[in-house]
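# An overview of the molecular structure
The lines below spell out each chain.
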Amino acid sequence: MKIENNTVLITGGCSGIGKIMGRICLEKGARRLVIWDINEAAIDATVKEFCALGAVSGYRADISSPESVDAAWRATLADCGAVDILINCAGIITNNKRFADQTDADINRTIDINTKGAMFVTLRALKEMKARGRGHICNITSSAGMLALPKMALYASSKWAAIGWSESLTIELQREKSPVHVTTIAPYFINTGMFDGIRSFFKVQEPEKVAAKSIRAIERNKEYKGIPFPAHFIRLMQGLVPQRIFNFVFGDICKLYTVMDHFTGRKN
Ligand SMILES: NC(=O)c1ccc[n+]([C@@H]2O[C@H](COP(=O)([O-])OP(=O)(O)OC[C@H]3O[C@@H](n4cnc5c(N)ncnc54)[C@H](O)[C@@H]3O)[C@@H](O)[C@H]2O)c1
């Protein structure tokens with residue numbers, strides 16, 4: 001779906017690739033950009049920063065809470081009208097502890113935000129998009145949702161579930177011949193601060209490029225986009241190569257299995 005003259009809602013739109021995608025949408029002539037985020041100060045700052053580029057509205061929403069999502073959705077519809085494009089981008093990584101050292105709270109928080117959050121928002125948006133007969137939903141997942149790495153079991157599982165949900169939804173809508181489309185984006189590490197400290201054999205990607213590619217994928221109605229392109233081959237390799245060879249190549253040679261050892265995450 002084209003961006004021009006459409007209203008775009010982005011969750012997690014105050015930081016990282018969500019914020020850049022918002023800016024790109026305004027530059028491409030979106031009718032209105034609606035930012036949802038949990039960080040109120042960042043919402044105010046982002047709205048102020050972007051208001052010269054076009055119409056921008058911001059709402060505080062904790063996407064892990066259906067009540068908070070309901071309130072923000074009602075306020076968005078009342079103030080901004082229908083949402084044409086929803087980009088589910090909000091996400092977190094809690095720590096780089098081994099699974100055995102996680103807490104119940106860590107498990108709940110990760111799954112509630114990274115997996116259930118996008119579902120809660122989409123449930124509201126989808127009903128309205130189907131009724132209007134148009135809409136596009138873009139889900140930002142992760143290559144960690146296909147390639148399991150040590151010390152990110154919670155994040156990997158939350159994104160694995162997000163990919164499964166997003167792809168099921170895509171197929172459901174296609175089989176219904178729905179005019180509502182879904183794009184699943186699965187990027188490799190991006191230099192936004194979220195994964196500060198990691199040491200990666202493969203190039204950590206620039207946020208500007210990932211955001212631009214994600215927006216292009218929406219404009220082209222792509223079902224699935226791995227970023228960078230070789231991420232598309234992860235599943236193929238897993239299917240073809242025996243696990244111990246896969247572990248040797250990616251764990252021992254490419255050192256992917258120690259990538260999280262020096263993770264610090266964003267400090268604030
Ligand atoms: N950075 C990476 O290396 C990377 C790689 C692959 C996928 N991703 C995914 O891309 C998305 C964006 O990542 P980023 O690096 O730009 O992140 P970021 O940390 O820069 O931005 C995330 C935003 O989400 C908001 N947020 C957090 N919890 C929220 C909640 N409960 N409700 C509403 N908003 C909430 C934060 O306030 C923040 O503004 C995430 O879903 C992330 O998992 C990131």
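Source: prediction; values computed, not measured. (Residues numbered from 1 in each chain as written. Predicted model: local features only at pLDDT ≥ 70, side-chain atom pairs only at ≥ 80, totals over all residues. Heavy atoms only, no water.)

### Some points on the side chain of S158
Here S158 shows up in helix 5 (residues 153–175). A distance of 2.7 Å separates a polar side-chain atom of S158 from the backbone oxygen of Y155. With residues near it in sequence (within four places) discarded, S158 still touches T110, I111, N114 and T115. (Helix = DSSP H or I, 4+ residues; strand = E, 2+ residues; numbered from the N terminus. Polar contact = N/O pair within 3.5 Å; in protein donor to acceptor, adjacent residues only side chain to side chain. Contact = heavy atoms within 4.5 Å.)

### As for the packing of aromatic side chains
Under the defined criterion, the tally for this structure stands at 9 aromatic pairs. Between Y188 and F189 the ring centres are 5.0 Å apart and the planes differ by 70°, which places this aromatic pair in the edge-to-face class. Judged by centre distance (6.1 Å) and plane angle (85°), the ring pair of Y188 and F202 falls under edge-to-face. One end of the pair, Y188, is in the loop between strand 6 (180–187) and helix 6 (207–219); the other, F202, is in the loop between strand 6 and helix 6, with 14 residues separating them in the sequence. Here the aromatic cluster, defined as three or more aromatic residues joined through ring pairs, consists of Y155, Y188, F189, F195, F201, F202 and F263. Of note, R235 hangs over the ring of Y224, and the distance from its end group to the ring centre comes to 5.7 Å. (Phe/Tyr/Trp six-rings, centres within 6.5 Å; stacked < 30°, edge-to-face > 60°. Lys NZ or Arg CZ within 6 Å of the ring centre and 35° of its normal.)

### Some remarks on helix 1 (residues 16–27)
Spanning 12 residues, helix 1 covers 17 Å between terminal C-alpha atoms, matching the ideal 16 Å at 1.5 Å per step. Residues I17, G18, I20, M21, G22, I24, C25 and L26 constitute the buried set of helix 1. Positive phi shows up at G29, right after helix 1, with a value of about 90°. (Expected span 1.5 Å × (residues − 1). Buried < 20%, exposed > 50% of the residue type's maximum accessible area, 1.4 Å probe, protein only.)

### A short note on the site of the ligand
Near the ligand there are 27 residues, and of these S15, D37, Y155, I190 and T192 occur at the shortest range. Within the backbone of I17, an N or O atom sits 2.9 Å from an oxygen atom of the ligand. Protein burial of the ligand: of its 840 Å² of free accessible surface, 94% is covered by the chains. Of all the secondary-structure elements, those providing two or more residues to the shell around the ligand are helix 1 and helix 5. In the shell around the ligand, the residues fall into 16 nonpolar, 7 polar and 4 charged. (Near = heavy atom within 4 Å. Areas by Shrake-Rupley, 256 points an atom, 1.4 Å probe, with all protein chains shown as cover. Nonpolar A, V, L, I, M, F, W, Y, C, P; charged D, E, K, R; others polar.)

### Structural notes on unusual backbone geometry
P228 follows I227 through a cis peptide bond whose omega is 0°. Residue position: P228 is located in the loop between strand 7 (224–227) and helix 7 (234–240). You will see that K177, though not glycine, has its phi angle at about 55°, which is positive. Mapped onto the elements of the fold, K177 is located in the loop between helix 5 and strand 6. Its identity as a non-glycine residue notwithstanding, K255 has a phi of 55°, on the positive side.

### Some details on the sheet that holds strand 3 (residues 56–60)
Strand order across the open sheet formed by 7 strands is 3-2-1-4-5-6-7, with parallel pairing between neighbours. Of all strands in the sheet, those with a lone pairing partner are strand 3 and strand 7, marking the two edges. Neighbour to neighbour, the strand axes of the sheet diverge by 15° on average, direction disregarded. Pairing of strand 4 (residues 85–88) with strand 5 (residues 135–140), which is carried by 4 bridges, proceeds in the parallel orientation. Looking at the pairing, N88 lines up with N139 of strand 5. Taken strand by strand, helix 2 (residues 40–50) contacts strand 2 (32–37) and strand 3, and its axis lies near 180° from that of strand 3. Here helix 4 (residues 104–132) sits on the sheet and contacts strand 1 (7–11), strand 2, strand 4, strand 5 and strand 6; the angle it forms with strand 4, its principal contact strand, is near 170°. (Pairing = 2+ DSSP bridges. Axes fitted to C-alpha atoms, helices over the stretch in contact; angles between N-to-C directions.)

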